[in-house]
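So you can see what is in the structure, the chains are spelled out below.
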Amino acid sequence: MTAPRIGVLGGTFDPIHHGHLAAASEVCAALGLDRVLLVPTATQPFKTDEPVSSDEDRIAMLERVAAQDARLQVSRVDVDRGGITYTLDTLTDLRAQLPDAELFFITGYDALERFDEWKEPARLHELATFVGVSRPGHGTPDAPGPFVLVNVPALDVSSTDVRRRVREGAPIRYLVPHCVADYIVEHDLYTGGRDD
């Protein structure tokens, strides 16, 4: 029996947008993955000062998206652990949950440029294959260790911009999936004027 090939796409997902989904879809196709886990962070080590929507709101948006794509599944591994989310902990916990799987950690080229700042980078390569996806304005990372690089259609969208647009009353309909846009309206997210 062949080991399942599982992608791991972590992030704040506040909110998830089409750039995230394009990355998941392209890597899934390019590497023949069986599914991609969407793993919302508890607290990112490089973004500890930034306010974030509740875990349950972020997970609810992810679950709505995953319900529309059989390749996607939501994992609460980081949220349930709490505290600062380090990729090392994410992959260690997922390896324990999925001992027979081949894991592929998906991140942006820009994040790989700082890979030497991650917690125990050498150990990370033992736990998963790292997949860097292209982002507008970033070239190939100059970082230690082997990486698989996948080009993703340029979608210049960010969660920060989506939140700003909601605050300003600008449309977000084609930046996020409809189910996410509906959730944002239903739960009055991002209208409180916070600068995030």
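Residues numbered from 1 in each chain as written. Predicted model: local features only at pLDDT ≥ 70, side-chain atom pairs only at ≥ 80, totals over all residues. Heavy atoms only, no water.

> Any chance you could explain the packing of aromatic side chains here in plain terms?
The geometry of an aromatic ring pair is captured by the separation of the ring centres together with the interplanar angle, meaning the angle of the planes. This model, assessed by the stated rule, comprises six aromatic pairs. For the ring pair F105 and W118, a centre distance of 6.2 Å and an interplane angle of 80° mean the geometry is edge-to-face. Here the residue F105 occupies a position in strand β4 (residues 102–108), and W118 occupies one in the loop between α5 (109–112) and α6 (121–127), the gap between them amounting to 13 residues. Judged by centre distance (5.1 Å) and plane angle (75°), the ring pair of F115 and F130 falls under edge-to-face. A residue pair is termed long-range when its members are at least 10 positions apart, and F115 in the loop between α5 and α6 and F130 in strand β5 (residues 129–133) qualify at 15 residues. Grouped by ring-pair contacts, the aromatic residues F105, F115, W118, F130 and F147 constitute a single cluster. The lysine or arginine in question, K119, covers the ring of Y86, its NZ or CZ lying 4.8 Å from the ring centre. (Phe/Tyr/Trp six-rings, centres within 6.5 Å; stacked < 30°, edge-to-face > 60°. Helix = DSSP H or I, 4+ residues; strand = E, 2+ residues; numbered from the N terminus. Lys NZ or Arg CZ within 6 Å of the ring centre and 35° of its normal.)

> Which parts of the structure should I look at to understand unusual backbone geometry?
Excluding glycine, residues mostly carry a negative phi; peptide bonds, for their part, are mostly trans. Between D14 and the following residue, P15, the backbone shows a cis peptide bond with an omega angle of 5°. Within the secondary structure, P15 is located in the loop between β1 (5–11) and α1 (18–31). The phi dihedral of Y190 is positive, around 70°, even though this residue is not glycine. Secondary-structure assignment places Y190 in the segment after α8 (178–186).

> Hey, could you run me through the sheet that holds β4 in this one?
Pairing between the strands of a sheet is mediated by backbone hydrogen bonds and can be parallel or antiparallel. Sheet architecture is open: six strands sit in the order β3-β2-β1-β4-β5-β6, paired in parallel fashion. Each edge of the open sheet is held by one strand with a lone partner, namely β3 (72–74) and β6 (148–150). Strand after strand, the sheet turns through a mean of 30° between neighbouring axes, direction not considered. Here β1 runs beside strand β2 (residues 35–40); their pairing, made up of six bridges, is parallel. Bridging from a neighbouring strand, G10 pairs with V39 of β2. Against the sheet, helix α4 (residues 87–97) makes contact with β1, β2, β4 and β5, and its axis sits at roughly 155° relative to β4, the strand it touches most. (Pairing = 2+ DSSP bridges. Axes fitted to C-alpha atoms, helices over the stretch in contact; angles between N-to-C directions. Contact = heavy atoms within 4.5 Å.)

> Would you mind showing me how to read the packing of helix α2 (residues 55–66) against α8 here?
Think of two packed helices as two axes; the pair is described by the angle between the axes and how far apart they sit. Two numbers describe how α2 lies on α8: the axes approach to 9 Å, and their chain directions differ by 150°. For the element pair α2 / α8, the angle class is roughly antiparallel. Of the two possible hands of crossing, α2 and α8 adopt the one that is right-handed. Residues E56, D57, A60, M61, R64 and V65 of α2 form the contact with α8, whose participating residues are C179, V180, D182, Y183, I184 and E186. The residue makeup of the contact of α2 with α8, split by class, is seven nonpolar, no polar and five charged. (Parallel < 35°, antiparallel > 145°, perpendicular 65-115°, else oblique. Left-handed = near helix turned anticlockwise from the far one by under 90°. Nonpolar A, V, L, I, M, F, W, Y, C, P; charged D, E, K, R; others polar.)

> It is not clear to me how the pairing of β2 should be interpreted in this structure. Could you clarify?
If a strand is regular, its side chains alternate between the two faces of the sheet. Counting buried positions over the six residues of β2 gives five, a clear majority of the element. Pairing of β2 with β3, which is carried by three bridges, proceeds in the parallel orientation. Opposite V36, over in β3, you have L72 as the bridge partner. (Buried < 20%, exposed > 50% of the residue type's maximum accessible area, 1.4 Å probe, protein only.)

> Before we go on, may I ask you to explain the nonpolar core in this structure?
Nonpolar side chains in soluble globular proteins tend to be buried together. If you look at the biggest cluster of nonpolar residues, it comprises 40 residues, and the most contacted ones within it are I16, V27, V36, L72, V180 and I184. At the level of elements, α1, β2, α2, β3, β4, β5, α7 (159–168) and α8 are the ones that each hand at least two residues to this core. Considering every element that reaches this core, the biggest residue donor is α1, with seven residues. Ignoring any residue separated from it by four or fewer positions in sequence, one finds V36 in contact with G7, L9, A24, C28, R71, L72, Q73 and I106. Within the second largest apolar cluster, 20 residues are counted, among which are V39, L88, L103 and F147. (Core = buried A, V, L, I, M, F, W, Y, C linked by side-chain atoms within 4.5 Å.)

> For this particular structure, what's the right way to read the side chain of S159?
Topologically, S159 is positioned in helix α7. Owing to a relative accessible area of 13%, S159 belongs among the buried residues under this scheme. A polar contact is formed between the side chain of S159 and the backbone oxygen of P15, at a distance of 2.7 Å. If sequence neighbours within four positions are ignored, S159 has contacts with D14, P15, H17 and H20. (Polar contact = N/O pair within 3.5 Å; in protein donor to acceptor, adjacent residues only side chain to side chain.)

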